Amino acid sequence: MTHLRTILIAGFALAGSIAYAEVEATDPDVIARQTLMKEMGGAAKAMGDMASGKTAFDAAAAATAKATLIDHAGQIAAKFEKNPTDPGSEAKPEVWSNWDDFMKDAKALEAAATGLDTTSAESIGAGMPGIGGACKACHTEYRM
Ligand code: HEC
């Protein structure tokens, strides 16, 4: 059980890790959406660390991280609406050609985050694969 949880959390950490980017983005809209993603990564990491026992469980911090994920998932539409040319962006053109499907992935993350029970490290651990899976599903299709 502990072993399984470790694997799931390790997999999640991979999904949320910051990808190697050759060029830094310069367009303010691209920087804003990358910042949105980074903040989601920070919130997810904070919860993953509590679930794995790397950091002590903190109910208030967990609730804040959950709220950040829900809030930021809800901002994906607005933050990705524009498609400026920026070699620093890792978004695939399919974001805009398959917009409805991209939005479905955003809604799936919002739903997973909304359903997350942050009352204990155990319950966070139980919900993390769903969150990590939602991040990964979108990245696989829409991120270079
Ligand atoms: C609806 C699709 C979608 C979902 C859901 C999603 N992402 Fe992303 N993410 C992207 C796209 C597209 C990019 C590339 C953005 C760019 O470079 O323009 C990205 C980039 C990132 C980056 C790199 C940001 C940077 O500095 O360049 C991180 C970190 C990240 N996502 C973390 C997460 C985490 C953690 C989750 C889940 C909690 C998540 N993402 C959920 C689409 C998504």
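Going by the structure above, here's the rest.
Summarised in this report is the structure supplied together with it. (Residues numbered from 1 in each chain as written. Predicted model: local features only at pLDDT ≥ 70, side-chain atom pairs only at ≥ 80, totals over all residues. Heavy atoms only, no water.)

## Brief notes about the overall build of the protein chain
Now for step 1: When its secondary structure is counted, the protein chain shows six helices and zero strands.
Now for step 2: Each helix and strand of the protein chain, placed in order from N terminus to C terminus, yields the pattern α-α-α-α-α-α.
Now for step 3: Looking at the 144 residues of the protein chain, the share that counts as buried comes to 34%.
Now for step 4: Of all intrachain contacts in the protein chain linking residues separated by at least 6 positions in sequence, the fraction that spans at least 24 positions is 76%.
Now for step 5: Summing over all exposed atoms, the protein chain offers an accessible surface of approximately 8000 Å²; the carbon and sulfur share of this is 61%. (Helix = DSSP H or I, 4+ residues; strand = E, 2+ residues; numbered from the N terminus. Buried < 20%, exposed > 50% of the residue type's maximum accessible area, 1.4 Å probe, protein only. Contact = heavy atoms within 4.5 Å. Areas by Shrake-Rupley, 256 points an atom, 1.4 Å probe, with all protein chains shown as cover.)

## Quick word on the packing of helix 2 (residues 28–52) against helix 6 (residues 121–142)
Now for step 1: In the contact formed by helix 2 and helix 6, the axes pass within 9 Å of each other and the chain directions differ by 150°. In the packing of helix 2 onto helix 6, the handedness of the crossing is left-handed. On the side of helix 2, the interface is formed by Met-37, Ala-44, Met-47, Gly-48, Met-50 and Ala-51, while helix 6 contributes Ala-121, Ile-124, Gly-125, Met-128 and His-139. (Axes fitted to C-alpha atoms, helices over the stretch in contact; angles between N-to-C directions. Left-handed = near helix turned anticlockwise from the far one by under 90°.)

## Quick look at the site of the ligand
Now for step 1: Close to the ligand lie 23 residues, the nearest being Met-37, Ser-89, Cys-135, Cys-138 and His-139.
Now for step 2: Between an oxygen atom of the ligand and a side-chain N or O atom of Ser-89, the distance comes to 2.7 Å.
Now for step 3: Backbone polar atom of Glu-90 to an oxygen atom of the ligand: 2.7 Å apart, as the coordinates give it.
Now for step 4: Only helix 2, helix 3 (59–80), helix 5 (99–114) and helix 6 provide two or more residues apiece to the shell around the ligand.
Now for step 5: Of the residues forming the shell around the ligand, the biggest block, six residues, is contributed by helix 2.
Now for step 6: In terms of residue class, the shell around the ligand is built from 13 nonpolar, five polar and five charged. (Near = heavy atom within 4 Å. Polar contact = N/O pair within 3.5 Å; in protein donor to acceptor, adjacent residues only side chain to side chain. Nonpolar A, V, L, I, M, F, W, Y, C, P; charged D, E, K, R; others polar.)

## So, the nonpolar core
Now for step 1: Of all hydrophobic cores here, the largest spans 27 residues; its most connected members are Met-47, Leu-69, Ile-76, Phe-102, Ile-124 and Ile-131.
Now for step 2: Elements with a minimum of two residues in this core: helix 2, helix 3, helix 5 and helix 6.
Now for step 3: Looking at which element gives the most residues to this core, the answer is helix 6, with seven residues.
Now for step 4: Excluding residues that lie within four positions of it along the chain, Ile-124 makes contacts with Met-47, Met-50, Ala-51, Phe-57, Ala-62, Leu-116, Asp-117 and Thr-118. (Core = buried A, V, L, I, M, F, W, Y, C linked by side-chain atoms within 4.5 Å.)

## Details of helix 3
Now for step 1: Between its first and last C-alpha, helix 3 extends 31 Å over 22 residues, near the 32 Å set by a 1.5 Å rise per residue.
Now for step 2: Along its length, helix 3 shows its largest kink, about 35°, at Gly-74.
Now for step 3: Turning to helix 3, its buried residues number three or more, namely Ala-62, Ala-65, Lys-66, Leu-69, His-72, Ala-73, Ile-76 and Phe-80.
Now for step 4: Backbone nitrogen of Ala-60 and a side-chain oxygen of the N-cap are separated by 3.1 Å at the start of helix 3; the cap is Asp-58. (Expected span 1.5 Å × (residues − 1). Bend = angle between axes of the 7 residues up to and from the residue.)

## Regarding the side chain of Arg-33
Now for step 1: Inspection of the secondary structure puts Arg-33 in helix 2.
Now for step 2: Salt bridges are absent for the buried Arg-33, whose nearest opposite-charge side chain, Asp-27, sits at 6.6 Å.
Now for step 3: Looking at Arg-33, its side chain comes within polar contact range of the main-chain oxygen of Lys-82, at 3.4 Å.
Now for step 4: If we ignore the near neighbours within four places in the chain, the residues touching Arg-33 are Lys-79, Phe-80, Lys-82, Pro-84, Ser-89, Ala-91 and Trp-96. (Lys, Arg positive; Asp, Glu negative; His and termini not counted. Salt bridge = Lys/Arg side-chain N within 4 Å of Asp/Glu carboxyl O.)

The analysis is restricted to geometry; functional conclusions fall outside its scope.
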